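# Notes for the structure review
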Amino acid sequence: MKLNEIILAATERDLAGCDADSILARAKQMPARRKLAGWKKALIVAVAACLFVGTASAAVLLSGFGTAFERPIDTGRVDVLDESPDNEEVIWKFTETWFDENTIYLGGTVTTPEPLDSAGEYTATCGIKVPGAEIYSGFLNVYIFAVGERESAFLMSGNLLRQNSDFMTQARNEDGSVTLELTLCDFHDHRFAPKNGSYTSDDIEMLFPGPWIYTVQLESNDEKNIRLDGRYESMWPDRSSAVVTSVELTAFSLEINGEDLTYSHNTRDEGRKKTPLLIWLKMKDGTLLFKSKGNFANKDSYVQYRECTDESIIYLFGKPIDPTEVESIVFLYGGVFITQATPTAKEYHSSENGWECYPCIDETDKLETWLPLIEIPLN
């Protein structure tokens, strides 16, 4: 089980009445797995090389956002209101944030008593809650990008939808900022985990004991967010009566509200099944983001998490996107179909019947087709 799965599994239990130590202990009891999510190793090496240029360059480059993300992201603002570290030899500095109602990212640097090995796989755990609350609302994954020096970049991330959908509302201040209490602990190097593949985080050598507790106020000032309100109806109501009433697109998420955003179809094993409409983002260069192969495919990002009902569809992206590069949002019925390139098939999958139809890239005797239901321009 991956580290993020350990944390999420721990938060799914009933934690009512537990103190912070008990909550964090729950995560330790879950089985762990050595493999760490693949962050840009080449960028880490580049940062390590640039550290020799000078202090000013190092200060600019040592960034969790800059290390993990391929494109620039609004860094927001972080003010530390209070701190209570049990181990003052480890210093966490929060310099970057991005958040919305669905997801949160925090970045910065961590200074350790000894340099961290650039070949290490360093992680920590961070419990989050509204200050004054008795129990933690969820956990953030913490990834440390070591460069062979005492100071390393880190990135924290958390799926707030899966943990507590009301958490950000509870933590939000009147001015739109958010105040959180963060408890960091479990600073490990996963290279030294047991090789048998079945162990808990207690079986991994603890590099630095904590916890480190911080109260922070966050402001996210990303101006590239796009919000649309209106009524956009299906162009093919015989296939789907879907209606979209609002769209919100950010660097890390897409939230759609409306009616009949799922459709029913027959499956081989389950009978009739409801499935959410497929969504692509048509980019200004003509490619279709989240279409992984075939015509107009764009693999720059992917959907990490979905939460879909008849009334709403929420996507959380695995990598940030630039909303200003999105031309429109396309809603599809049934996905992509591959069919033989016969005259009958070409006639049926014609533009007059609403279909987009193209020769397959890999198979010359087949067609790649899909049926757009709604296309919402974002200009």
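Look a little higher up for the structure.
If you're wondering where the values come from, they're calculated on a predicted model, not measured in any experiment.

This part takes up the nonpolar core. By size, the foremost hydrophobic cluster in this structure holds 36 residues, and its most contacted members are Leu 249, Leu 254, Ile 256, Leu 281 and Phe 331. Every element with two or more residues in this core is listed here: strand E12 (226–233), strand E13 (243–249), strand E14 (253–259), strand E17 (278–283), strand E18 (288–289), strand E21 (312–317), strand E22 (326–340) and strand E24 (366–377). Here this core takes 6 residues from E22, the largest share from any one element. With residues near it in sequence (within four places) discarded, Ile 256 still touches Val 244, Ser 246, Val 247, Leu 261, Ile 279, Glu 311, Ser 312, Ile 313 and Phe 331. Among the nonpolar cores identified, the runner-up in size contains 34 residues, and Val 78, Ile 144, Phe 187 and Trp 212 belong to it.

It is worth spelling out unusual backbone geometry at this point. The step from Gly 210 to Pro 211 runs through a cis peptide bond, and the omega angle for that step is 0°. Phi is positive for Asp 186, close to 55°, though the residue is something other than glycine. On the secondary structure map, Asp 186 appears in strand E8 (residues 178–189). Given the relative accessible area of 6%, Asp 186 is considered buried. Of note, Asp 260 is a non-glycine position whose phi angle comes to about 50°, a positive value. Inspection of the secondary structure puts Asp 260 in the loop between E14 and strand E15 (262–267). By relative accessible area, Asp 260 is classed as partly exposed at 35%.

Next up on the list: the layout of surface pockets. Space inside the second largest pocket adds up to approximately 280 Å³. What lines the second largest pocket is a set of 13 residues, and nearest its centre among them are Lys 293, Gly 294, Val 336, Ile 338 and Glu 368. Here the lining of the second largest pocket is built from residues that sort into 6 nonpolar, 2 polar and 5 charged.

Basis of the calculations
- Residues numbered from 1 in each chain as written.
- Predicted model: local features only at pLDDT ≥ 70, side-chain atom pairs only at ≥ 80, totals over all residues.
- Heavy atoms only, no water.
- Core = buried A, V, L, I, M, F, W, Y, C linked by side-chain atoms within 4.5 Å.
- Buried < 20%, exposed > 50% of the residue type's maximum accessible area, 1.4 Å probe, protein only.
- Helix = DSSP H or I, 4+ residues; strand = E, 2+ residues; numbered from the N terminus.
- Contact = heavy atoms within 4.5 Å.
- 1 Å grid on protein atoms, 1.4 Å probe; cavity = no way out; pocket = protein on both sides within 12 Å on 5 of 7 lines; lining within 4 Å.
- Points joined across faces, edges and corners; volume = space filled by probe spheres on them.
- Nonpolar A, V, L, I, M, F, W, Y, C, P; charged D, E, K, R; others polar.

That's the geometry; what it means functionally is another story.
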